[in-house]
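Chain by chain, the residues:
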Amino acid sequence: QVQLVESGGGLVQAGGSLRLSCAASGRTFSNYAMGWFRQAPGKEREFVAAISWSGGDTYYADSVKGRFIFRDNAKNTVYLQMNSLKPEDTAVYYCAAEPSPSSLVRGRVEVWGQGTLVTVSS
């Protein structure tokens, strides 16, 4: 099983940008579709973005704009670039790994990271 460690969260002003990283170790990273979810205070975890093992296909939640997911299989890392951040983007962001992209998008995930907190101030 792959292990995931997120980084890149922090405090940012509204309108700013952040890039989250998720480093994987263990089983072959390129066997997995990768994704990002987020959970705001008092809310359920929700899907943000996903990318296929090759990077050729990407998937985004309809409610999310200004987000770009990409991966570097040579570095075993997936990224989430977040631009034009708003206070409502404040949440813990979780990295996820799952062999099936369709399962991942539905939240049926094999492996979760521990999460990284993003706080957007107004």
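Above: the structure in question.
As the structure is a computational prediction, the values presented were derived from the model and not from experiment.

Draft legend 1. Region of interest: the packing of aromatic side chains. Scanning the entire structure with this criterion turns up four aromatic pairs. Relative to Phe47, the ring of Phe37 has its centre 5.6 Å away and its plane inclined at 70 degrees; by these criteria the two rings are edge-to-face. Of this pair, Phe37 sits in strand 4 (residues 33-39) while Phe47 sits in strand 5 (residues 46-51), and the two are ten residues apart along the sequence. This pair shows no difference in class: Phe37 is buried, exactly as Phe47 is. Judged by centre distance (4.9 Å) and plane angle (20 degrees), the rings of Phe70 and Tyr79 are stacked. Looking at Phe70, the relative accessible area reads 30%, which means it is partly exposed. The exposure class assigned to Tyr79 is buried, which follows from its relative accessible area of 14%. Through a chain of ring-to-ring contacts, the aromatic side chains of Phe37, Phe47, Tyr94 and Trp112 assemble into a single cluster. For Arg45, the ring lying beneath its charged end belongs to Tyr94, and the centroid distance is 3.9 Å. Lying across the ring of Phe29, Arg71 places its NZ or CZ 4.4 Å from the centre.

So, how was this worked out
- Residues numbered from 1 in each chain as written.
- Predicted model: local features only at pLDDT ≥ 70, side-chain atom pairs only at ≥ 80, totals over all residues.
- Heavy atoms only, no water.
- Phe/Tyr/Trp six-rings, centres within 6.5 Å; stacked < 30°, edge-to-face > 60°.
- Helix = DSSP H or I, 4+ residues; strand = E, 2+ residues; numbered from the N terminus.
- Buried < 20%, exposed > 50% of the residue type's maximum accessible area, 1.4 Å probe, protein only.
- Lys NZ or Arg CZ within 6 Å of the ring centre and 35° of its normal.

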